[in-house]
Amino acid sequence: MTREEKFMEEAIQLSHNGMENNEGGPFGCIIVKGDEIVGRGNNKVSSTNDPTAHAEVTAIRDACKNLGSFQLDDCEIYSSCEPCPMCLGAIYWARPKRVYYANNRKDAADIGFDDSMIYDEMTVAIENRKIPIIPIGREGALKVFEAWKNKTDKTEY
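These notes cover the structure that comes with them. (Residues numbered from 1 in each chain as written. Predicted model: local features only at pLDDT ≥ 70, side-chain atom pairs only at ≥ 80, totals over all residues. Heavy atoms only, no water.)

In this section: the packing of aromatic side chains. The tally for this structure, following the rule as stated, stands at four aromatic pairs. Considering the side-chain rings of Phe7 and Tyr78, the 5.4 Å spacing of their centres and the 50° angle between planes classify their relative orientation as tilted. Separated by 71 residues along the polypeptide, Phe7 in helix H1 (residues 3-20) and Tyr78 in strand S3 (residues 75-81) bring together distant segments of the chain. Between Phe70 and Tyr157 the ring centres are 5.5 Å apart and the planes differ by 70°, which places this aromatic pair in the edge-to-face class. Of this pair, Phe70 sits in the loop between helix H3 (55-67) and S3 while Tyr157 is found in the segment after helix H7 (138-150), placing the two residues 87 residues apart along the sequence. Classification of Tyr157 by relative accessible area gives exposed; the value is 61%. Through a chain of ring-to-ring contacts, three or more aromatic side chains come together here, namely Phe7, Tyr78 and Tyr100. Against the face of Tyr119 rests Arg105, its NZ or CZ located 4.0 Å from the ring centre. (Phe/Tyr/Trp six-rings, centres within 6.5 Å; stacked < 30°, edge-to-face > 60°. Helix = DSSP H or I, 4+ residues; strand = E, 2+ residues; numbered from the N terminus. Buried < 20%, exposed > 50% of the residue type's maximum accessible area, 1.4 Å probe, protein only. Lys NZ or Arg CZ within 6 Å of the ring centre and 35° of its normal.)

Quick look at the structure:
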């Protein structure tokens, strides 16, 4: 068994344990730096009433806490399933060096976790999306952005 397969087995085991414990859907994720697991997560959406508590997001939160960083430099993500659009966004913000996954999005759709509507919505013009997304208050918000642009003691990311 390769190093990568060993780590994927750990992510798959987390997906199984979380499902068996009724914490959420059958999804697990680990984050590895070097040869050490620095973050673990499984889906906890239904047990925490948090729609953002997907396996990848919970693992990213755990790893960042453990590493004392908001970036996953030189880390690898092992997910039991191809990341959904939300998790993919979180992964790009965290900037790991690579992502491995086991099940794909079709496998997830086949058991009732179909993200195709979200993928489709991302390509629709904002004014035509299923959930109305309405701009308001830009003038005041731009002032805060300008303050950020001029802030000299900010942490860039």
